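Survey of secondary and tertiary structure
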Amino acid sequence: MEKRIILRGALAGAAAGLVAFVFARIFAEPLIQQAIDYEGGRGSAQAALDRAAGLATDDHEHELFSRAVQGNLGIGLGMVLFGLAMGALFAVAYMICLGRVGNLRPRTLALLLAGAGFLTLYFVPFLKYPASPPAVGHEETIGQRSAYYLIMVLASVLFLILAVILGQRLKPRFGTWNATLLAAAAFVVVTGVLMALLPSFGELSTNVAEYGKHATETPLPLRNEAGDIIYPGFDADLLYDFRVYSLAAQGLLWAVIGLIFAPLAERLLGNRPIRVEPAAEKAAA
């Protein structure tokens, strides 16, 4: 049974990754190309400033793969494999939750779990550390940024698990509706506290020392010694559009996982709620 559920999750995830890739290829890839063009133009302007000041300049490295390969085969394969991995992880979480989180039908549990996956693995971390296209972010802070983002992902998953447990504990006293509201409020509060404690990327020590204190790592206008702008800052509209489409692509991925897996699970398990007996009841039986 477990292998069949995981296989269905992996297939649903691969299909979802393919759908998300088509969406990203149409809407997000042109924005990525614009960001890369900006990065190249800014790099050339910076090199011209360095040469005028008598400083050494770094030669541009040739890309191992062309942009056509990266934007089609690379992103496509990456998103399908990512979807497959998320689908398998989703199926494992589904088996753990099945019969343990309330009187839910297999289809309903699949849809709720897909929403939880999107919420914890992407949306909550996105609120603190939103996705950024090429040219936004400094190479010196990659390690720090990755660590803080991972903290947000792991914390959001842990907080949601604890919120579900809290809701189950409160249900006998307050009822399902009120217990759910209280658990959701607790999740929002602890998540908000963590977001307030974690620094924004612009406040990282490396950025403050090099660029001053800012809210983000978005490139500011490039100026010469006289203070004149010789290259503009990163386009705010481009950054906004990229983040909207990134959020939409991830939402689409998890929605497709849930919508494909739900009927497959119900066909396998039936349409009745499944409950797992407590260990004490099993021992008594």
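Computed from a predicted structure; not experimentally measured. (Residues numbered from 1 in each chain as written. Predicted model: local features only at pLDDT ≥ 70, side-chain atom pairs only at ≥ 80, totals over all residues. Heavy atoms only, no water.)

Here the focus is the overall build of the chain. On a plain count of helices and strands, the chain comes out with eight helices and two strands. Dimensions of the chain along its principal axes, counting C-alpha atoms only, are 85 × 40 × 30 Å. In the chain, which comprises 285 residues, the share counted as buried stands at 36%. At a minimum sequence separation of 6, the contacts of the chain that also span at least 24 residues come to 79%. When the accessible surface of the chain is split by element, carbon and sulfur atoms take 65% of a total near 16,700 Å². (Helix = DSSP H or I, 4+ residues; strand = E, 2+ residues; numbered from the N terminus. Buried < 20%, exposed > 50% of the residue type's maximum accessible area, 1.4 Å probe, protein only. Contact = heavy atoms within 4.5 Å. Areas by Shrake-Rupley, 256 points an atom, 1.4 Å probe, with all protein chains shown as cover.)

Moving on, we come to the confidence of the model for the chain. On average, the chain scores 89 in pLDDT, and the residues at 70 or more come to 91%. Here residues 279-285 is modelled with pLDDT under 50, and outside its nearest four sequence neighbours on either side it reaches two contacts, counting other chains as well. (pLDDT = per-residue confidence, 0-100.)

A word on helix H1 (residues 2-27). Between the first and last C-alpha of H1 there are 37 Å, a value that for 26 residues agrees with the 38 Å anticipated at 1.5 Å per step. Every buried residue of H1 is accounted for by Ile 5, Gly 9, Ala 10, Ala 12, Gly 13, Ala 14, Ala 16, Gly 17, Ala 20, Phe 21, Phe 23 and Ala 24. (Expected span 1.5 Å × (residues − 1).)

Below, the discussion takes up the nonpolar core. Formed by 27 residues in total, the largest nonpolar core has its most connected members in Ile 5, Phe 90, Tyr 94, Ile 257 and Phe 261. Those elements that provide at least two residues to this core are H1, helix H3 (67-97), helix H4 (106-128) and helix H7 (236-269). Examining the composition of this core, we find that eight residues originate from one element, H7, more than from any other. Leave out the neighbours within four places in its chain, and Ile 5 touches Ala 91, Tyr 94, Met 95, Phe 261 and Leu 268. (Core = buried A, V, L, I, M, F, W, Y, C linked by side-chain atoms within 4.5 Å.)

Take the side chain of Arg 145 next. Relative to the helices and strands, Arg 145 is located in helix H5 (residues 142-197). What makes Arg 145 buried here is its relative accessible area of 18%. In this structure the side chain of Arg 145 is engaged in a polar contact, spanning 2.8 Å, whose partner is the backbone oxygen of His 138. Beyond its immediate chain neighbours, meaning those up to four positions away, Arg 145 contacts Gly 137, His 138, Phe 201, Leu 204 and Glu 217. (Polar contact = N/O pair within 3.5 Å; in protein donor to acceptor, adjacent residues only side chain to side chain.)

Attention shifts here to the packing of H4 against H5. Closest axis-to-axis distance for the H4/H5 pair is 8 Å, and the angle between their directions is 130°. As judged from the angle between their axes, H4 and H5 are oblique. In terms of crossing hand, the pair formed by H4 and H5 is right-handed. Contact residues: Ala 116, Leu 119, Thr 120, Leu 121, Tyr 122, Val 124, Pro 125, Leu 127 and Lys 128 in H4; Tyr 149, Met 152, Val 153, Ser 156, Val 157, Leu 160, Phe 187, Thr 191 and Met 195 in H5. Residues of the contact of H4 with H5, tallied by class, amount to 14 nonpolar, three polar and one charged. (Axes fitted to C-alpha atoms, helices over the stretch in contact; angles between N-to-C directions. Parallel < 35°, antiparallel > 145°, perpendicular 65-115°, else oblique. Left-handed = near helix turned anticlockwise from the far one by under 90°. Nonpolar A, V, L, I, M, F, W, Y, C, P; charged D, E, K, R; others polar.)

Let us look at unusual backbone geometry. Phi is positive for Ala 135, which is not a glycine, with a value near 90°. Considering the arrangement of structural elements, one finds Ala 135 in the loop between H4 and H5.

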